[in-house]
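Understanding the architecture of this molecule
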Amino acid sequence: MAGVVTAGASGHMPHFRRWLKARLHGEMAYLARPDAISRREDLGRTLPGFHSALVVAQSYGDGQPATPPGHPSRAIFARYARGRDYHHVLRDRLEELARRLESLAGRPFRSRAYVDTGPILERELAMRAGLGWFGKNTMLIHPRRGSYFFLGALLTDLPLSPSNPFATDHCGNCRRCLDACPTGALLGRDENGAPVMDATRCISYLTIELKGAIPRELRPAIGNRVFGCDICQEVCPWNEKFAVPATESAYAPRPGLEGASLIDLATRLLAISGKGFQREFRDSPVSRARRNGLLRNVCVALGNWGSAEAAPVLERAARDHSELVREHARWALDRVGTGGAPSPRAPEPDGAATLDESGI
Ligand code: B12
Ligand code: SF4
Ligand code: SF4
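Because the structure is predicted, anything quoted here is derived from the model rather than measured. (Residues numbered from 1 in each chain as written. Chains lettered and ligands numbered in written order. Predicted model: local features only at pLDDT ≥ 70, side-chain atom pairs only at ≥ 80, totals over all residues. Heavy atoms only, no water.)

**Focus on the overall build of the chain**
To be explicit about the condition: Strands here mean DSSP runs of E at least two residues long; helices mean DSSP runs of H or I at least four residues long; both are numbered from the N terminus. Here the radius of gyration uses the C-alpha set of atoms, whereas the globule reference equals 2.2 Å times the residue count to the power 0.38. Exposure classes here rest on a 1.4 Å probe applied to the protein chains alone. A residue is buried below 20% of its type maximum, exposed above 50%, and partly exposed in between. For accessible areas, the Shrake-Rupley method is used with a probe of radius 1.4 Å. Any residue's cover is judged against the shown protein chains and nothing else. We score Asp and Glu as negative and Lys and Arg as positive, and we do not count His or the chain ends. Each charge is placed at NZ for Lys, CZ for Arg, CG for Asp and CD for Glu.
Looking only at helices and strands, the chain has 14 helices and 10 strands in total. In summary, the chain has a C-alpha radius of gyration of 21 Å against a globular reference of 21 Å for 360 residues, a match within 12%. Over its C-alpha atoms, taken along the principal directions, the chain stretches across nearly 65 × 45 × 40 Å. Burial status across the chain gives 54% buried among its 360 residues. Per element, the accessible surface of the chain, about 16,100 Å² overall, is 52% carbon and sulfur. For the chain, the distance from the average site of its 48 positive side-chain charges to the average site of its 39 negative ones is 2 Å.

Written out as structure tokens, the structure reads:
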């Protein structure tokens, strides 16, 4: 799906500023940088002579509205993260599109491709380009495709004609996402109709963006979600009816990731260094959590499983070189009923070991 939006003031910036002022962005400081805010306000500051943007949506789902929750001993990765990294895949496609447009236009033009890679209110642009409405879960939803799609924008100085903005709200009285969110991150619509999220409570933020400790009171609600969260999309009737499978083969799930045994996952992560992890996940969105962040999440999931079977691997994690991992492992050990006294540190692995191909 694609649409065009032309230069013009953002109508959503006042909302964005209020959201930052209320500190609902937590530690995502890149969102609040003054230079980035001023570029969000005026795309001409990003691309001099900016005239219009081609906004595209690319499906990444498997055609199923929801992933079965599976056994609590097994990991759930959000579906957007199961294949190759969309930042690279979609940006390559947009750059290809720019070359094709150049041959159609018969002249070179200025352009810049963005896929979650710069200060752009991508969802507002997409709404103005006619690609969907803002659901109460804050996702952009299309009435024939649901919400399992990525957005990207090609900013250009070409005078393209704009699409009709998406003007209707199809949520009606539904509040399934608000009721299903396990951490209470979705706050409903404000007086202007904008959906509001407290990102500091969202499992996606807690398991991916947050680099420090996950607040203890939120850990139980994370369940076995070790990277990201899809709950508020899984319950949405528009995905139940219209979820479409990805046509991009790069988004096919990486073998061994979804549904991996938490014990195996922890064992493998304990055996590799931060550098080994980055090598292993270099073309996967999962790399963003880093080795210690993912291991922290796996410890939380093991604690939520609560089985004594998890105790041996958690005891090893409680001796990891990372204090972040050690603290979450101790918390989890308390939940599997074996105590969790602080233990001496283990040395950091040398970086030679990596996860094997058939692994997570
Ligand atoms: C920061 C961020 C996050 C944060 C905060 C999310 C949030 N809801 O704000 C966290 C880490 C939690 C997150 C999670 C996820 N993210 Co994210 N994220 C972003 C990012 C980088 C910026 C979003 C942002 O600026 N948020 C701040 C809020 C205030 O702005 P906003 O979301 O653009 O939209 C607000 C306004 O436009 C306003 N608004 C709407 N209607 C109206 C009407 C009026 C009158 C007014 C005044 C305002 C108004 O309300 C909206 C919500 O507050 C974008 C990429 C980008 N550059 O835009 C991806 C992006 C939004 N994420 C994406 C995805 C896929 C996800 C996850 C599904 C990943 C996962 N499975 O774990 C989850 C979904 C969680 C959810 N329910 O939103 C996709 C969404 C695609 C889609 N169909 O909507 C994006 C667009 C990335 C991409 N290029 O594809 N994400
Ligand atoms: S992604 Fe999960 S935690 Fe975040 S708002 Fe949706 S349901 Fe809540
Ligand atoms: S679950 Fe209901 S309220 Fe939430 S986004 Fe979907 S239609 Fe809207």
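What follows continues from the structure just given.
**Considerations on helix α3 (residues 86–105)**
One turn of an α-helix holds 3.6 residues; hence residues three or four places apart share an orientation. Here is the rule: Expected helix span is taken as 1.5 Å per residue step, with the number of steps being one fewer than the number of residues. Residue contacts are defined here by distance: any two heavy atoms, one from each residue, within 4.5 Å place the two residues in contact.
Taking 1.5 Å per residue as the helical rise, α3 with its 20 residues ought to reach 28 Å, and the 28 Å between its terminal C-alpha atoms agrees with that figure. Those residues of α3 that fall on the buried side of the exposure criterion are Tyr86, His87, Val89, Leu90, Leu94, Ala98 and Leu101. Packing partners of the buried residues in α3 comprise β2 (52–59), β4 (111–114) and β7 (149–156). Remark: Gly106 follows α3 within two positions and exhibits a positive phi of approximately 75°.

**A word on the sheet that holds β7**
Rules: A pair of strands is treated as paired once DSSP finds two or more bridges between them. Here an axis means a line fitted to C-alpha atoms, over the contact stretch when the element is a helix, while the angle between two N-to-C directions is reported on a 0 to 180 degree scale.
Spatial strand order, β1-β2-β7-β4: four strands in an open sheet with antiparallel pairing. With partners counted over all chains shown, the strands left at the sheet margins are β1 (2–6) and β4, one partner each. Strand-to-strand, the axes of this sheet are offset by a mean angle of 20°, without reference to chain direction. Relative to β2, β1 is paired through five bridges, and the arrangement is antiparallel. Bridge assignment links Gly3 to a residue of β2, and that residue is Val55. With respect to the sheet, α3 is in contact with β2, β4 and β7, its orientation differing from that of β7 by roughly 40°.

**Let's talk about the packing of aromatic side chains**
Quick note on the threshold: Whether two aromatic rings pair depends on their centres lying within 6.5 Å, for rings of Phe, Tyr and Trp, where Trp uses its six-membered ring; planes under 30 degrees apart make the pair stacked, over 60 edge-to-face, and the rest tilted. Whether a charge sits over a ring comes down to the Lys NZ or Arg CZ being within 6 Å of the ring centre and within 35 degrees of the ring normal.
For the structure on display, the rule yields 11 aromatic pairs. Aromatic side chains Trp133 and Trp238 sit 5.2 Å apart centroid to centroid with 80° between the ring planes, which places their arrangement in the edge-to-face category. Linking Trp133 in strand β5 (residues 133–134) with Trp238 in helix α9 (residues 237–242), this pair joins segments that are 105 residues apart in sequence. Grouping residues by exposure puts Trp133 and Trp238 together as buried. Ring-pair connections join several aromatic residues into one group, and the members of that group are Tyr60, Tyr80, Tyr86, Tyr148, Phe150, Phe227 and Tyr251. In this arrangement the basic side chain of Arg79 is found over the ring face of Tyr148, its NZ or CZ atom lying 4.3 Å from the centre. If you follow Lys241 out to its NZ or CZ, it ends over the ring of Trp238, 5.4 Å from the centre.

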